[in-house]
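Structure assessment
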Amino acid sequence: MKETITKEKAKEVKCFHCGEDCVDNEIRIDEKVFCCNGCKNVYLILNNNQMCTYYSLEEKPGVSQKNHVHKNYDFLDDETIQQKLVDFSSSNFSSITFFIPQMHCSSCIWLLESLYKLNNGIKNSQVDFLKKRLTVNFNPTETKIKNIVQLLNSLGYEPQLNLEDKEKETSQEQTKKLYYKIGIAGFCFGNIMLLSFPEYLSITQTESQNLNVLFNYLMLLLSLPVFFYSANEYHISAIKGLKKKIVNIDVPVSLGILILFIRSFVDIVFYNQAGYLDSLSGLVFFLLIGRLFQNKTYYALNFERNYKSFFPISACVIRNGKETTIPIEKIEPGERMLIRNNEIIAVDSILIKGIANIDYSFVTGESSPVTIKNGDLIYAGGKQIGTAIEVESIKNISQSYLTQLWNNKAFLKQKESKVTSLANKVSKYFTFIVLFIALSSAIYWSLKNPAYIWIAVTSVLIVACPCALALSTPFTLGNILRIFGKNKFYIKNTAVIEELAKIDSIVFDKTGTLTEQKNFTIEFVGTNLTDDEKILIKSTTRNSTHPLSQKIFNSINTKYYQPDEYYELPGEGIEAKIFGNCIKLGSQQFVNSNNFELPKDYYSKVFISINNVVKGYYKISNNYRDGLKLLFEQLKRNYSITILSGDNPSEKNNLFQMFGLAKNIFFNQTPYQKLMYVGSLQNAGKKVLMIGDGLNDAGALKKSNVGISVTENTNNFSPSSDAILEASSLKKLSLFLRFCKTGEKIIIASFVISFVYNLVGLSFAVQGLLSPLIAAILMPISSISVVVFTTFTTNFFAKKSGLI
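Residues numbered from 1 in each chain as written. Predicted model: local features only at pLDDT ≥ 70, side-chain atom pairs only at ≥ 80, totals over all residues. Heavy atoms only, no water.

Before going further, it helps to spend a moment on the side chain of serine 196. Looking at the element boundaries, serine 196 is found in the loop between α7 (163-195) and α8 (197-200). Of the residues examined, serine 196 reaches a relative accessible area of 4% and is grouped as buried. There is a polar contact of 2.6 Å between the side chain of serine 196 and the backbone oxygen of isoleucine 192. Other than its neighbours up to four places away in sequence, serine 196 contacts Met219 and Asp278. (Helix = DSSP H or I, 4+ residues; strand = E, 2+ residues; numbered from the N terminus. Buried < 20%, exposed > 50% of the residue type's maximum accessible area, 1.4 Å probe, protein only. Polar contact = N/O pair within 3.5 Å; in protein donor to acceptor, adjacent residues only side chain to side chain. Contact = heavy atoms within 4.5 Å.)

A separate point is the packing of aromatic side chains. This model, assessed by the stated rule, comprises 20 aromatic pairs. Clustering of aromatic rings is evident, with ring pairs tying together Phe484, Phe489, Phe736 and Phe739. Just above the ring of tyrosine 229 sits the side chain of lysine 181; from NZ or CZ to the centre is 5.6 Å. Its guanidinium or amino end placed over the ring of phenylalanine 590, lysine 584 lies 5.4 Å from that ring's centre, counting from NZ or CZ. (Phe/Tyr/Trp six-rings, centres within 6.5 Å; stacked < 30°, edge-to-face > 60°. Lys NZ or Arg CZ within 6 Å of the ring centre and 35° of its normal.)

Pairing in this open sheet of four strands is antiparallel, and the strands run β3-β4-β6-β5 from one edge to the other. Looking at the sheet topology across the chains shown, the edges are occupied by β3 (86-89) and β5 (122-128). Across the sheet, the axes of successive neighbouring strands diverge by a mean angle of 15 degrees, strand direction being ignored. Both strand β4 (residues 94-99) and strand β6 (residues 133-138) contribute to a ladder of six bridges, which runs antiparallel. What sits directly across from isoleucine 96, in β6, is valine 136. (Pairing = 2+ DSSP bridges. Axes fitted to C-alpha atoms, helices over the stretch in contact; angles between N-to-C directions.)

To continue, consider a nonpolar patch on the surface. Together, Leu211, Leu214, Leu218, Leu221, Leu224 and Phe228 make up an exposed nonpolar region whose accessible area comes to about 550 Å². Considering the arrangement of structural elements, one finds leucine 218 in helix α9 (residues 209-230). (Patch = residues over 30% accessible without salt bridge, like charges linked within 9 Å, V, L, I, M, F, W, Y side chains within 5 Å. Areas by Shrake-Rupley, 256 points an atom, 1.4 Å probe, with all protein chains shown as cover. Salt bridge = Lys/Arg side-chain N within 4 Å of Asp/Glu carboxyl O.)

Moving on, we come to the pattern of salt bridges. Enumeration over the complete set of coordinates arrives at 15 salt bridges. For glutamate 323, the salt bridge identified is with arginine 542, shortest N-O distance 3.0 Å. Of this pair, glutamate 323 sits in strand β8 (residues 322-327) while arginine 542 sits in the loop between α20 (531-541) and α21 (547-555), and the two are 219 residues apart along the sequence. Judged by its relative accessible area of 26%, glutamate 323 is partly exposed. With a relative accessible area of 4%, arginine 542 lands in the buried category. Salt bridges sharing partners connect three or more residues here, namely Glu323, Arg336, Glu390 and Arg542.

As a further point, take the environment of asparagine 664. Tracing the backbone through its elements, the reader meets asparagine 664 in the loop between α23 (652-659) and β25 (665-666). Taking relative accessible area as the criterion, asparagine 664 reaches 27% and is therefore assigned partly exposed. Each C-alpha atom of the pair asparagine 664 and threonine 642 lies 4.7 Å from the other, and the pair is 22 residues apart in sequence. Sequence-distant contacts of asparagine 664, defined by excluding residues within four places in its chain, comprise Ser640, Ile641, Thr642 and Ile643. One polar contact links the side chain of asparagine 664 to the main-chain carbonyl oxygen of isoleucine 641, over a distance of 3.2 Å.

The next subject is the nonpolar core. Core analysis: the biggest nonpolar cluster contains 48 residues, and Leu115, Val136, Leu155 and Ile378 have the highest contact counts within it. Looking at which element gives the most residues to this core, the answer is helix α6 (residues 145-154), with five residues. Not counting residues within four places of it along the chain, the set of residues in contact with valine 136 comprises Ser94, Ser95, Ile96, Phe98, Leu115, Ile122, Asn124, Ser125 and Ile148. Judged by nonpolar contacts, the second largest core, of 47 residues, contains Leu260, Ala438, Leu461 and Ile462. (Core = buried A, V, L, I, M, F, W, Y, C linked by side-chain atoms within 4.5 Å.)

Okay, here's the thing in structure tokens:
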């Protein structure tokens, strides 16, 4: 008896870790009671590592360990499996991404991002809560994948190692369940309507009374699977939210369904009346149909997938002994590629030839180059420092991986989205406002005409929907990303669009940005070059991606060799040592040729010295891109324009005549001076857009409010840039900037539509003029209408402005 009483009291005791009911209170540490030894062990792990802050973030944050099974993860010691799982691996750094469906709250995020406290080999971990993904960076000499998986498993976060298949499988299973629920709700709805005909036809003969009672109970029976199965996701979501003290959008919907069911139950059982079960089943049926249609619409308009599917980045491949350039999405396994100084390797490859010093700061955040031996693996995202190397690809290109690297936190600029924060704030209080209106309606109708209470309250709870508000921003900006992508303008994320709309100053780099690499003339001025000297110059310029180096390389028709040493000083020049000879190419100062007399012409000049003897200079014509004169005319109306050039001022008058910029043209600018100039504009309160070639302008691109890297048959994929623009689309820049402002107006308009819809719907609902059935139909329509509005208007204005 005593034991029974103890257990009865224990039923009220919640597990300190997961919050579930405890069968008894025998498993405990001091005053803390646990439902099982698994939860107790997790607590001990956290407590021993002074991580009990975890329990202060959420009331019941832990995952129950009652059904936890300790698995054998020895297979993770197999190197072949490890190579398939890791995103990146070096001697002292590895990165792996897990899919963890159990994460559900802020405590989960805190714990999963604090794994380094539990395992010294883990450097850091990062959660993508929406996608349920955890990226763990660790030192493979201090811990193993198996240890990390075991740690996660012991904490109740067993990772799904087969990521892609699992996500696909989960999505298909959810869709199948939705179809089942719709089918059951539809079947019950139809039959309940048939049984309601006596009520609809007002047949009240005495002889049919018994049939009416029978029909009422049959309808009640048919409503049970609708209430408990078809509508269970609304109830579960609402209960989970309330448990976490969150009043989510499913609370009023679940409340409306519950009110209809209870009222109908009371009517049938106690008053022999039909109740509102036809409305209840129809409500659930149309809500589910709306959800299915929403899912289909959102999937069809999944702009994120489209804009990530392509970057305008090229790779130099070697086919039949000839170097040629192809888009990176056409790289196949086994493709031989040339990687020059400062170029990023776009796909996992094996080093075939050359000395590879790979800077993995794009991946690991550490900029110390790693020396790779011939035959060793180079991971995508690494940047070659030094002489050109030849590699062979071993995988297909992964655009999603490059996008992930591009959006690495280390390269993101902290920008606050005002429209997003406004939508979040409104959505946060929306449900409370709806509940308040429903309660007010109930009080009003209870005093005036109680027959309208249920209809008014239920309709208010169902018809109001903040989804339309929440969907306006992502779908508008997502569609703009897609439209820009079609015009070969690729933006890192939607926040960049909002920043572009605020820009008031634009800074251009000249060489490689305003000038193009084709249609140029080149002439050497100086002492005649011997064949050996031409070989040395070609061998040196082959390693550089600078536009002028590439022009010189292509102008010399001879063989080349691999330099023994090579380095590049951005904005100054390049230097190489080949067979004991020292070759320098660059500015006058870089090659110590200040005494060389220069003619006053419009050519760019690259000076040459071999073994400290100045040989002369290459005179290269600057061919400006098409449409720039018109572009500058358009931009000058609304923006302050500046051109910063690393070249000598020989072209000043030419640029002035071409673009009409009297003061804001500066020459002999080093990368540091460009960065400082952008900073000075920002200090003066300007919002600066920097447009460069991504090679010598990385600092200025990162410093600016928005940095755009212009690319033309080169791998200019710089993490510092916020966008990549193919050179042929530079003339559309003013259209892009104007369309960003149009996007903001479309978002504001969709906000207004959403508010008006809710006001009109609620005004009819509180008056009892809107049936719950119609409200259920209108609710998903509001969300879909906003999505269609934003998509239609962005497409309309894009077509009007010539972007599609």
